[in-house]
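Architecture at a glance
Okay, here's what each chain looks like letter by letter:
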Protein chains: 2
Amino acid sequence: MYKIGELAKILSVSTDTLRYYEKHNLLSATNRAENGYRLYNNNDLRIMHFIIRAKGVGFSLNEIKELLSLKVDKESHSCDEVKTFTEQKLMQVEKKITELVRFKDSLQLLVNACCGGDEEATNCSILSALENVDAIT
Amino acid sequence: MYKIGELAKILSVSTDTLRYYEKHNLLSATNRAENGYRLYNNNDLRIMHFIIRAKGVGFSLNEIKELLSLKVDKESHSCDEVKTFTEQKLMQVEKKITELVRFKDSLQLLVNACCGGDEEATNCSILSALENVDAIT
DNA sequence: CTTGACCTTAGAGTCTACTCCAAGCTTTAT
DNA sequence: ATAAAGCTTGGAGTAGACTCTAAGGTCAAG
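Within every chain, residues take consecutive numbers counted from 1 along the sequence as written. All chains are assigned letters beginning at A, and all ligands numbers beginning at 1, according to the order in which they are written. Where totals are concerned, whole chains, interfaces and linings use all residues; where local detail is concerned, this predicted model gives features only for residues with pLDDT of at least 70, and gives and counts side-chain atom pairs only at 80 or more.

Here's the deal with the overall build of chain A
Looking only at helices and strands, chain A has six helices and four strands in total. In chain A, the succession of α and β elements from N to C terminus is α-α-β-β-α-α-β-α-β-α. Working definition of burial: number of other C-beta atoms within 10 Å of the residue's own, with buried at 20 or more, exposed at 12 or fewer, and partly exposed in between, all C-beta atoms being placed from the backbone. Looking at the 137 residues of chain A, the share that counts as buried comes to 25%. For chain A, contacts bridging at least 24 residues in sequence account for 37% of all contacts bridging at least 6. Put simply, DSSP H or I for four residues or longer makes a helix, DSSP E for two residues or longer makes a strand, and each gets a number counted from the N terminus. This entry defines residue contacts through backbone-placed C-beta atoms, with two residues in contact when those atoms are within 7 Å.

See below:
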């Protein structure tokens, strides 16, 4: 069990952020100590890792909340509903991956083309690198 | 040459957004008509595509501005400086790709594992899917 | 047994990235 | 020729995601 400050340190986020996420129903501490302190367990840690990763690749907290609430059970969502929603997200993620790979290629091109040789290149920007990638695509 | 409204339509953004980017030095229209209207060309269009893509995969406008200003020339940055900066970004992008692939695997797992069979799964969440992926990683 | 670090809540403040509004000029359609 | 649509600027307003402040309770170390 981690106190809020301990979890925050492990994750390199602020305690305020953790309380903010709780307030907005992304993650609440599994239980509380008798003194009222929040107590987080390893599952909470895992969820936070997920949130941080998802945020890093461009998902909003609302989207992340939706993803976290994805559960197949009789009361809430049917299997088909979850499947449809998830497949949509899957397509989004695949698109992001494609774009990142393209992005990566541009950067790689910039490093190689502009700084590969001995002499200094004088007119070498991310945009001219992108131009080439766009031409290929 | 596109007027601001035309470019906005092509890109599915608002004219306000284009003016906002100009104000914050991400992209200014290449020239102006005699009446003062902004006129954008295909290069501007290309830059906007880059901005939109970069934003979609989690880069902030400031980071994007930095990327766009990457140019190798004597006055501003040396080849080595650009190379170092770009390689850092490259690592960031590679990390994002790894995370997205992992993310994708989780979602795939959710679709397959929870909705593959005929009967309804009752305890099937993105988190249990993630648990498996984490176990592999 | 008190000092300092850490915890609580409630609420205010900040930064980013838009988004909207007002007042006025230009262009296009009827 | 006049109205609607689109452009200009400057500035205000908003949503999302924190971040900070105040006022107070808890706990380990000296």
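Details of the nonpolar core
Any nonpolar core is a set of buried residues, restricted to Ala, Val, Leu, Ile, Met, Phe, Trp, Tyr and Cys, that join up through C-beta atoms within 7 Å. The biggest cluster of nonpolar side chains holds 36 residues, and the ones touching the most others in it are A:Ile51, A:Ala54, A:Phe103, B:Ile51 and B:Ala54. Only α3 (42-56), α4 (61-68) and α5 (79-115) of chain A together with α3 (42-56), α4 (61-68) and α5 (79-115) of chain B provide two or more residues apiece to this core. Tallying contributions element by element places α5(B) first for this core, with eight residues.

Some details on the protein's contact with DNA strand D
The local shell around DNA strand D holds 18 residues, among which A:Asn35, A:Ser60, A:Leu61, B:Gly5 and B:Arg38 are the closest. Every element with two or more residues in the surface near DNA strand D is listed here: α2 (15-23) and α4 of chain A together with α1 (4-11) and α2 (15-23) of chain B. Broken down by class, the residue content of the surface near DNA strand D amounts to four nonpolar, eight polar and six charged. In this text, near has one meaning. A residue is near a molecule or strand if its C-beta atom, placed using the backbone, is within 6 Å of it. We call Asp, Glu, Lys and Arg charged. Ala, Val, Leu, Ile, Met, Phe, Trp, Tyr, Cys and Pro are nonpolar, and the rest, Gly among them, are polar.

Concerning α3(A)
Residue and element names in this part refer to chain A. A helix is expected to span 1.5 Å multiplied by its residue count minus one. An ideal rise of 1.5 Å per residue puts 21 Å on 15 residues; α3 measures up with 21 Å between its terminal C-alpha atoms. Inspection of α3 places Asp44, Ile47, Met48, Phe50, Ile51 and Ala54 among the buried residues, and these make up the whole buried set. Summarising the axial view, the buried residues of α3 lie within an arc of 155°, below the 170-degree limit, and thus occupy one face. What the arc covers is the set of directions going from the helix axis to the C-beta atoms.

Concerning the confidence of the model for chain A
Of the residues in chain A, 76% have a pLDDT of 70 or more, and the chain-wide mean is 82. Reported confidences for the modelled complex are a pTM of 0.84 and an ipTM of 0.83. pLDDT measures how confident the predictor is about each residue, on a scale from 0 to 100.

Quick word on the environment of B:Ile64
All names here are of chain B. With respect to the helices and strands, the residue Ile64 is situated in helix α4. Since 21 C-beta atoms lie within 10 Å of it, Ile64 is described here as buried. In this structure the C-alpha to C-alpha distance between Ile64 and Phe50, which are 14 residues apart in sequence, comes to 8.8 Å. The contacts of Ile64, once residues within four sequence positions are left out, are Leu26, Ile51, Ala54, Lys55 and Phe59.

Brief notes about the packing of α3(A) against α4(A)
Residue and element names in this part refer to chain A. Fitted lines through C-alpha atoms serve as axes, helices being fitted only where they are in contact, and the angles separating the N-to-C directions of these axes extend from 0 to 180 degrees. Interaxial distance between α3 and α4 falls to 10 Å at its minimum, and their mutual angle equals 135°. Judged by the angle between their axes, α3 and α4 are oblique. In this structure, α3 meets α4 at a crossing whose hand is right-handed. Counted together, Ile47, Ile51, Ala54 and Lys55 of α3 and Ile64, Leu67 and Leu68 of α4 form the full contact between these two elements. Along the lines of polarity and charge, the residues of the contact of α3 with α4 split into six nonpolar, no polar and one charged. An angle below 35 degrees is treated as roughly parallel, one above 145 as roughly antiparallel, one from 65 to 115 as roughly perpendicular, and anything else as oblique. Working rule for handedness: look at the near helix, and if it is turned counterclockwise from the far one by less than a right angle, call the crossing left-handed; if clockwise, right-handed.

What about the protein's contact with DNA strand C?
Around DNA strand C lies a shell of 18 residues, among which A:Lys3, A:Gly5, A:Arg38, B:Ser60 and B:Leu61 are the nearest. Breaking the surface near DNA strand C down by element, the ones donating at least two residues are α1 (4-11) and α2 of chain A together with α2 and α4 of chain B. When grouped by side-chain class, the residues that make up the surface near DNA strand C number four nonpolar, eight polar and six charged.

Side note on unusual backbone geometry
Leaving glycine aside, a negative phi is the common case for residues, and trans is the common case for peptide bonds. Phi is positive for A:Ser12, which is not a glycine, with a value near 55°. Topologically, A:Ser12 is positioned in the loop between α1 and α2. A:Ser12 gets classed as exposed once you count the C-beta atoms within 10 Å, which come to 7. One non-glycine residue, B:Asn25, lies in the positive phi region at around 60°. Secondary-structure assignment places B:Asn25 in the loop between α2 and β1 (31-32).

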